[in-house]
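Chain and residue survey
Next come the chains, spelled out residue by residue.
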Amino acid sequence: MSRMLTKDTQLCMSLSGRPSNIGTRFHNYLYDELDLDFVYKAFTTDDLPSAVAGIRALGIRGCGVSMPFKEAVIEHVDVLHRSASAIDSVNTLVNEDGVLHAHNTDYSAVADLVTAAGVDTAAPVTVTGSGGMAKAVVAALRDSGFTDGVVAARNERTGPALADAYGYRWQSAPDPAPGSFLVNVTPIGMAGGPDADASPFTTEAVAAATAVMDVVAMPSETPLIRAARAAGTPVITGAEVIALQAASQFTLYTGITLRPEQIQRASEFSRR
C-alpha cells in the first residue's frame, strides 16, 4: 500500500558521485511492502560538509555513502563504529538524535558473498582499485582467508598503502596469474562513465580465472561479468553486493531484519 507523506515521515538518503535509482527503489519498495513511514531519496553534492551538516540538522534518519565520499565523510561524523574505523571507510550514516554514527556494511556483504560462492581461499586474488570500497573488499578478502593477494592501482600512494596494510603486493596495473580470483573495485564498466564499455582485465585473464567479482552495480552485467559468463567463469555481481549491503543499511535505519526472499524481491525491483 502507498503511504501519504506527513510531517512524521522519516527521510533516508544516499550521497554518491553518480546517483542511481537502485538504492532508492530498493528501500522504497520495502518501506511500501512493510508499510513503514519512511521515504528514500538519492543525492549528489559538491559540498560534502554542508550535506552532512544538513543530515544532522534536519533529522534525516540515515544516509548511504558511495564513491567518492567514503573516506572524506569520516571527519564530519561523531561516532565511528568498528566496521568503519577498521578500514577507514564509511558507507552508512545513522542519525541518532543529532549524533551521526558511521558504519560500513560493504565489508560484511563481500565476506558473506565470497563464502556463499565457495571461492577457494587458496587462490591468488587480484583487486583493482584503492579507494574506500577497495579497502572494504581487501579487508573482507584477507579476513576470509585470501592471503596471497595483489592490489592493482595506478595511484602510487593509496595503492601500496592498501596492499601493505593487509600483507598484499602492489602493482600499478593488473597482471593476474592463471587461477586467480579477479575483483574489480574501480568505476570501469559503470554505466554513464568514461569506461562504460571497458573491462579492467583481459579476456584471457578472465577465462583463466577461478572466479570473478565486480562491485559495479549499474549495470549488473558489466563487460567484465559478461566476459566471465562467456568463459564459464563463476561470478559475483555488483547487484548482489549492493543488495546485501543495502539490506544491512535497511536494518540500521529501521531496526527490521529482512528475510532473504524480501531482499531478493527488493533487489529485483530495484533493477527494473
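Heads up: these notes are all about the structure in this document. Bear in mind the structure is a predicted one, so any value in this text is a computation, not a measurement.

1. With respect to the overall build of the protein
Within the protein one finds 10 helices and 12 strands. Scaling as 2.2 N^0.38, a compact globule of 272 residues should have a C-alpha radius of gyration of about 19 Å, and the protein matches this with 18 Å. Projected onto its principal axes, the C-alpha coordinates of the protein cover approximately 55 × 35 × 35 Å. A total of 272 residues make up the protein; the buried ones form 49% of that total. Look at the contacts in the protein between residues 6 or more apart in sequence, and 66% of them connect residues 24 or more apart. In the structure as shown, the protein presents an accessible area of about 12300 Å², 52% of it carried by carbon and sulfur atoms. One way to put it: in the protein the 20 positive side-chain charges average out to a point 3 Å from where the 29 negative ones average out.

2. Structural notes on the nonpolar core
Counting 31 residues, the largest nonpolar core has Val 114, Val 137, Leu 141, Phe 181, Val 183 and Met 213 as its most contacted members. Among the secondary structure elements, those contributing two or more residues to this core are α4 (106–117), β7 (125–128), α5 (132–143), α6 (158–165), β10 (181–184) and β11 (211–214). The element that contributes the greatest number of residues to this core is α5, accounting for 8 residues. Leu 141 has contacts with Val 114, Val 125, Val 127, Phe 146, Tyr 168, Phe 181 and Val 183, leaving out every residue within four places of it along the chain.

3. Section: the pattern of salt bridges
Under the criterion given, the structure shown has 9 salt bridges. Asp 78 is paired through a salt bridge with Arg 56; the nearest N and O atoms lie 2.4 Å apart. Highlighted residues: Asp 78 in the loop between β3 (62–65) and β4 (79–80) and Arg 56 in helix α2 (residues 48–58), separated in sequence by 22 residues. The exposure class assigned to Arg 56 is partly exposed, which follows from its relative accessible area of 29%. In this structure, Lys 70 engages Asp 106 in a salt bridge whose closest nitrogen and oxygen atoms are separated by 2.7 Å.

4. Digging into the sheet that holds strand β6 (residues 99–103)
Read from one edge of the open sheet, 6 strands run β2-β1-β3-β5-β6-β4, paired in mixed fashion. Among the strands making up the open sheet, the edge pair consists of β2 (38–43) and β4. Here strand β1 (residues 10–15) runs beside β2; their pairing, made up of 6 bridges, is parallel. Residue pairing for β2: Met 13 is matched across the bridge by Lys 41. Taken strand by strand, helix α1 (residues 22–33) contacts β1 and β2, and its axis lies near 175 degrees from that of β2. Set on the sheet, helix α9 (residues 238–254) makes contact with β1, β2, β3, β5 (92–96) and β6; between it and β5 the angle comes to about 5 degrees.

5. Let's talk about the packing of aromatic side chains
Under the criterion given, the structure shown has 4 aromatic pairs. Look at Phe 146 and Phe 181: their rings are 5.6 Å apart centre to centre, the planes differ by 40 degrees, and that puts the pair in the tilted class. Highlighted residues: Phe 146 in the loop between α5 and β8 (149–152) and Phe 181 in strand β10, separated in sequence by 35 residues. Of the two residues, Phe 146 and Phe 181, neither departs from the other in class, the shared state being buried. Counting every residue linked through ring pairs, the aromatic cluster contains Tyr 31, Phe 38 and Phe 250. Looking at Arg 25, its charged tip hangs above the ring of Phe 269, at a distance of 4.1 Å from the centre.

6. A word on helix α8 (residues 223–231)
An α-helical turn contains 3.6 residues, so any two residues separated by three or four positions project in the same direction. Looking at α8, one finds that the buried residues are Pro 223, Leu 224, Ile 225 and Ala 228. Along its buried surface, α8 packs onto β10, α7 (203–207), β11 and β12 (235–236). Looking one or two places after α8, you find Gly 232, whose phi comes out positive at around 80 degrees.

Reading the values: the criteria
- Residues numbered from 1 in each chain as written.
- Predicted model: local features only at pLDDT ≥ 70, side-chain atom pairs only at ≥ 80, totals over all residues.
- Heavy atoms only, no water.
- Helix = DSSP H or I, 4+ residues; strand = E, 2+ residues; numbered from the N terminus.
- Rg over C-alpha atoms; globule rule 2.2 N^0.38 Å.
- Buried < 20%, exposed > 50% of the residue type's maximum accessible area, 1.4 Å probe, protein only.
- Contact = heavy atoms within 4.5 Å.
- Areas by Shrake-Rupley, 256 points an atom, 1.4 Å probe, with all protein chains shown as cover.
- Lys, Arg positive; Asp, Glu negative; His and termini not counted.
- Charge placed at Lys NZ, Arg CZ, Asp CG, Glu CD.
- Core = buried A, V, L, I, M, F, W, Y, C linked by side-chain atoms within 4.5 Å.
- Salt bridge = Lys/Arg side-chain N within 4 Å of Asp/Glu carboxyl O.
- Pairing = 2+ DSSP bridges.
- Axes fitted to C-alpha atoms, helices over the stretch in contact; angles between N-to-C directions.
- Phe/Tyr/Trp six-rings, centres within 6.5 Å; stacked < 30°, edge-to-face > 60°.
- Lys NZ or Arg CZ within 6 Å of the ring centre and 35° of its normal.

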